[in-house]
Amino acid sequence: MIRRALVNLATAARAYSVQTEAAKARHLQEVALRENCILVDVNDRPLGLASKKDCHRVSPEGRVKLHRAFSVFLFNSKGEMLIQRRSPHKITFPDTYTNACCSHPLFDIDAERDELNALGIRRAAQRRLNYELGIPTNQTRPENFHYITRIHYEDVGDGVWGEHEIDYILFLQKDVDLKPNPSEVSEIRYIRRENLDREIESLDAPLTPWFNLILNHRLRTWWDNLRHLKKFEDLQNIQRF
């Protein structure tokens, strides 16, 4: 009887812990919705600000506000690429696989509005890699990122939450220390170039729309040329697939 009671108590404690962590993660996601993104026009000219919530809500007409974002593709010294599985508590595209880090420069952080050489974007990437994956900021200095191009895409997601972004593509090849934030990331893994198609086919959850888009149009070429990315830079034009 005592042993059974102890087992039941331990089970209840574990369930309470899981529920508490889930509630904490949901709260953090709701708080993040108050952050202000940078609204832009189709040529990436800043227009003002809107909350992350307003930037991702699908309107009754099926549109999403266009705002500035970035996607980091992280490779280790062996050329393996990190992919993450987004937390099931994420507001947009929860429980999906994507590249190392995808987020936004914030309007309220002056340094992230700096447009010279995409410096504001690089600073935002440094901040988010630290927050999502626990990478120390001294391992991802702004000058470490290789800015390749921008991509304009829109996806209405589940019809309630969607994306519409001018997405800055950043590559980073470096061995880093990782400590994923469970409110943001539920899984990480490195994959090898020669195993890319097999790894993607084996995933038991869908890809985010931006990762899928980049995978289908550019990623393989860029990955095959990690040491020669300069020749693939297009910093003047915005890619629209």
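Attention here is on the structure that accompanies the text. (Residues numbered from 1 in each chain as written. Predicted model: local features only at pLDDT ≥ 70, side-chain atom pairs only at ≥ 80, totals over all residues. Heavy atoms only, no water.)

**Considering the overall build of the chain**
Alright, step 1. Looking only at helices and strands, one finds 5 helices and 10 strands in the chain.
Alright, step 2. Taking 241 residues into account, the globule formula puts the C-alpha radius of gyration at 18 Å, and the chain, at 19 Å, falls close to it.
Alright, step 3. In terms of its C-alpha atoms, the chain occupies a principal-axis envelope of roughly 75 × 45 × 35 Å.
Alright, step 4. Once local pairs closer than 6 in sequence are excluded, the contacts in the chain between residues at least 24 apart make up 69%.
Alright, step 5. Mean positive and mean negative side-chain charge positions of the chain (36 and 34 charges, respectively) differ by 4 Å. (Helix = DSSP H or I, 4+ residues; strand = E, 2+ residues; numbered from the N terminus. Rg over C-alpha atoms; globule rule 2.2 N^0.38 Å. Contact = heavy atoms within 4.5 Å. Lys, Arg positive; Asp, Glu negative; His and termini not counted. Charge placed at Lys NZ, Arg CZ, Asp CG, Glu CD.)

**Side note on the packing of aromatic side chains**
Alright, step 1. Overall, the coordinates contain 8 aromatic pairs when judged by the stated rule.
Alright, step 2. Here the aromatic rings of Phe171 and Trp222 are separated by 5.7 Å at their centres, their planes lie at 90°, and the arrangement is edge-to-face. Residue Phe171 is found in strand 8 (residues 163-173), and its partner Trp222 is found in helix 5 (residues 209-224); the two are separated by 51 residues along the sequence.
Alright, step 3. Judged by its relative accessible area of 2%, Phe171 is buried.
Alright, step 4. Taken together, the ring pairs in this structure connect Phe73, Phe75, Phe171, Phe211, Trp222 and Trp223 into an aromatic cluster.
Alright, step 5. The lysine or arginine in question, Arg57, covers the ring of Trp161, its NZ or CZ lying 4.7 Å from the ring centre. (Phe/Tyr/Trp six-rings, centres within 6.5 Å; stacked < 30°, edge-to-face > 60°. Buried < 20%, exposed > 50% of the residue type's maximum accessible area, 1.4 Å probe, protein only. Lys NZ or Arg CZ within 6 Å of the ring centre and 35° of its normal.)

**Concerning the pattern of salt bridges**
Alright, step 1. In this structure the tally under the stated criterion is 22 salt bridges.
Alright, step 2. In this structure, Arg85 and Glu187 form a salt bridge, with 4.0 Å as the shortest nitrogen-oxygen distance. With Arg85 in strand 4 (residues 81-86) and Glu187 in strand 9 (residues 185-191), the pair connects residues that are 102 residues apart, well separated along the chain.
Alright, step 3. Among the ionic pairs, Arg113 bridges to Asp110, the shortest N-O distance being 3.1 Å. (Salt bridge = Lys/Arg side-chain N within 4 Å of Asp/Glu carboxyl O.)

**Remarks on the environment of Asn76**
Alright, step 1. The topology assignment puts Asn76 in the loop between strand 3 (67-75) and strand 4.
Alright, step 2. In this structure Asn76 comes out as buried when scored by relative accessible area, which is 7%.
Alright, step 3. When the C-alpha atoms of Asn76 and Asn138 are compared, they prove to be 16 Å apart, with 62 residues separating the residues in sequence.
Alright, step 4. Apart from the residues lying within four places of it in its own chain, the contact partners of Asn76 are Gln173, Lys174, Asp175 and Tyr190.
Alright, step 5. There is a polar contact of 3.0 Å between the side chain of Asn76 and the backbone nitrogen of Lys78.
Alright, step 6. A polar atom in the side chain of Asn76 sits 2.7 Å from the side chain of Glu80. (Polar contact = N/O pair within 3.5 Å; in protein donor to acceptor, adjacent residues only side chain to side chain.)

**Concerning unusual backbone geometry**
Alright, step 1. Here Asp44, not a glycine, exhibits a phi torsion of approximately 70°, which is positive.
Alright, step 2. Here Asp44 lies in the loop between strand 1 (36-40) and strand 2 (46-51).
Alright, step 3. Residue Asp44 is classed as buried on the basis of its relative accessible area, which comes to 4%.
Alright, step 4. Of note, Ala118 is a non-glycine position whose phi angle comes to about 55°, a positive value.
Alright, step 5. Look at Ala118 and you get buried, because its relative accessible area is 6%.

**Here's the deal with the nonpolar core**
Alright, step 1. Core analysis: the largest hydrophobic core is formed by 28 residues, its most contacted members being Phe73, Met81, Phe171, Phe211 and Leu219.
Alright, step 2. Where this core is concerned, the elements lending two or more residues are strand 3, strand 4, strand 7 (146-155), strand 8, helix 4 (196-202) and helix 5.
Alright, step 3. The biggest single contributor to this core is helix 5, with 8 residues.
Alright, step 4. Residues Phe70, Cys101, Ala125 and Ile135 belong to the second largest nonpolar core, which totals 25 residues. (Core = buried A, V, L, I, M, F, W, Y, C linked by side-chain atoms within 4.5 Å.)

**Some details on the pairing of strand 4**
Alright, step 1. In terms of residue burial, strand 4 counts as a mostly covered element, since 6 of its 6 residues are buried.
Alright, step 2. Neither face of strand 4 is exposed, since Met81, Ile83 and Arg85 on one face and Leu82, Gln84 and Arg86 on the opposite face are all buried.
Alright, step 3. Pairing of strand 4 with strand 9 involves 6 bridges; the strand directions are antiparallel. Note that in strand 9 the partner of Met81 across the bridge is Ile191. (Pairing = 2+ DSSP bridges.)

**A closer look at helix 3 (residues 119-133)**
Alright, step 1. Between the first and last C-alpha of helix 3 there are 21 Å, a value that for 15 residues agrees with the 21 Å anticipated at 1.5 Å per step.
Alright, step 2. Inspection of helix 3 places Gly120, Ile121, Arg122, Ala124, Ala125, Gln126, Arg128, Leu129, Glu132 and Leu133 among the buried residues, and these make up the whole buried set.
Alright, step 3. Tucked inside the fold, the buried residues of helix 3 contact strand 3, strand 4, strand 6 (101-103), strand 7, strand 8 and strand 9. (Expected span 1.5 Å × (residues − 1).)

The values reported here are purely geometric and, on their own, carry no functional implication.
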